[in-house]
Amino acid sequence: MVKMYLKKGIRILRFFFVLGTLSIIGINIYINTMVKSNLYELNSYVPKNTYGLILGTSKFVMGGGKNVYYQQRIKAAYYLYKKNKVDSLIVSGDNRDPHYDEPARMKASLIHLGVPENIIIKDKKGIHTQQSIHNFKNNYPNRAITIITQKPHNQRALYYAEKYKVDAIGVNASNTSILKDPKLYFREFFAKIKAFFI
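Residues numbered from 1 in each chain as written. Predicted model: local features only at pLDDT ≥ 70, side-chain atom pairs only at ≥ 80, totals over all residues. Heavy atoms only, no water.

1. Observations concerning the side chain of Thr 129
Next up, step 1: Along the polypeptide, Thr 129 turns up in helix 4 (residues 129-139).
Next up, step 2: A residue is classified by how much of its surface remains accessible, and Thr 129, at 9% relative accessible area, is buried.
Next up, step 3: The residues contacting Thr 129, other than those within four sequence positions of it, are Leu 55, His 153, Arg 156, Ala 157 and Tyr 160. (Helix = DSSP H or I, 4+ residues; strand = E, 2+ residues; numbered from the N terminus. Buried < 20%, exposed > 50% of the residue type's maximum accessible area, 1.4 Å probe, protein only. Contact = heavy atoms within 4.5 Å.)

2. Describing the packing of helix 4 against helix 5 (residues 151-163)
Next up, step 1: As a packed pair, helix 4 and helix 5 sit with axes 9 Å apart at the nearest point and diverge in direction by 45°. Here helix 4 lies oblique to helix 5, going by the angle between them. Considering the relative orientation of helix 4 and helix 5, their crossing is right-handed. Where helix 4 approaches helix 5, its residues Thr 129, Gln 130 and Ile 133 are matched on the opposing element by His 153, Arg 156, Ala 157, Tyr 160 and Ala 161.
Next up, step 2: Looking at side-chain class alone, the contact of helix 4 with helix 5 contains four nonpolar, three polar and one charged residues. (Axes fitted to C-alpha atoms, helices over the stretch in contact; angles between N-to-C directions. Parallel < 35°, antiparallel > 145°, perpendicular 65-115°, else oblique. Left-handed = near helix turned anticlockwise from the far one by under 90°. Nonpolar A, V, L, I, M, F, W, Y, C, P; charged D, E, K, R; others polar.)

3. Structural notes on the nonpolar core
Next up, step 1: Counting residues in hydrophobic clusters, the biggest one holds 22 residues, and the most contacted among them are Ile 133, Phe 136, Ile 145, Ile 147, Val 166 and Ala 168.
Next up, step 2: Elements with a contribution of two residues or more to this core: helix 1 (2-35), strand 2 (49-55), helix 4, strand 5 (145-149), helix 5 and helix 6 (182-197).
Next up, step 3: Here this core takes five residues from helix 5, the largest share from any one element.
Next up, step 4: Sequence-distant contacts of Phe 136, that is, excluding residues within four places in its chain, are made with Tyr 51, Ile 90, Pro 141, Arg 143, Ala 144, Ile 145 and Val 166.
Next up, step 5: Listed in part, the 20 residues of the second largest apolar core include Leu 89, Val 91, Ile 169 and Val 171. (Core = buried A, V, L, I, M, F, W, Y, C linked by side-chain atoms within 4.5 Å.)

4. Focus on the packing of aromatic side chains
Next up, step 1: Going through the model one piece at a time under the given rule, you end up with eight aromatic pairs.
Next up, step 2: Seen from their ring centres, Tyr 51 and Phe 136 are 5.9 Å apart, and the 70° between their planes marks the pair as edge-to-face. Of this pair, Tyr 51 sits in strand 2 while Phe 136 sits in helix 4; the two residues are 85 residues apart in sequence, bridging distant segments of the chain.
Next up, step 3: Accessibility expressed as a relative area gives 11% for Tyr 51, which makes it buried.
Next up, step 4: Ring-pair connections join several aromatic residues into one group, and the members of that group are Tyr 30, Phe 196 and Phe 197. (Phe/Tyr/Trp six-rings, centres within 6.5 Å; stacked < 30°, edge-to-face > 60°.)

5. Describing the environment of His 153
Next up, step 1: Structurally, His 153 can be placed in helix 5.
Next up, step 2: In this structure His 153 touches Leu 55, Arg 73, Thr 129 and Glu 188, once residues within four positions along its chain are discounted.

6. With respect to the packing of helix 5 against helix 6
Between two packed helices, what matters for the description is the angle formed by their axes and the separation of those axes.
Next up, step 1: Where helix 5 meets helix 6, the closest approach of the two axes is 9 Å, and the angle between their N-to-C directions is 10°. Regarding the angle of helix 5 to helix 6, the classification is roughly parallel. Taken as a pair, helix 5 and helix 6 cross one another with a handedness that is left-handed. For the pair helix 5 and helix 6, the contacting residues are Pro 152, His 153, Gln 155, Arg 156, Tyr 159, Tyr 160 and Lys 163 in the first and Leu 184, Tyr 185, Glu 188, Ala 191, Lys 192, Ala 195 and Phe 196 in the second.
Next up, step 2: Class assignment of the residues belonging to the contact of helix 5 with helix 6 gives a composition of eight nonpolar, two polar and four charged.

The following block contains the structure:
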């Protein structure tokens, strides 16, 4: 009798495990498909928008090395500015710690490359991706935006833009495959689940 109930319980757990796994995969496919038409590669045709939004990340990784994601986003933003694809750049990031200011660092990096200081706008309340999109919606209603970050992150950011009814496109600062950067894809895989239910 005990074995029968145990086997039944295992079958039920397996069923919910398979159902949960398929749901997670399905949500990711849904989000990626929904935003696909609004994603652009950096070296392809990119429509012009007044505002470019650089999503924040740390300039350095743990241990003090350079953060490649940060460098890619800054270089991509500079490229779009030089190609006249954006008129202003919004640097949105975390600034809750007085010793850690993502927008200030991004602004300094852009100025170093040659972007005029007067076209860079700091959003110090962009503590996460959803908040950055929400801030833009509140500060610039009915305006279009170009989101600048890595592809998997861009997919989630564009999904938030869809939810907030922000007219947005995403330009991929890089389009690294899952084989070359599994950590990024793994993180965004589960972050999209959270985005779907929020």
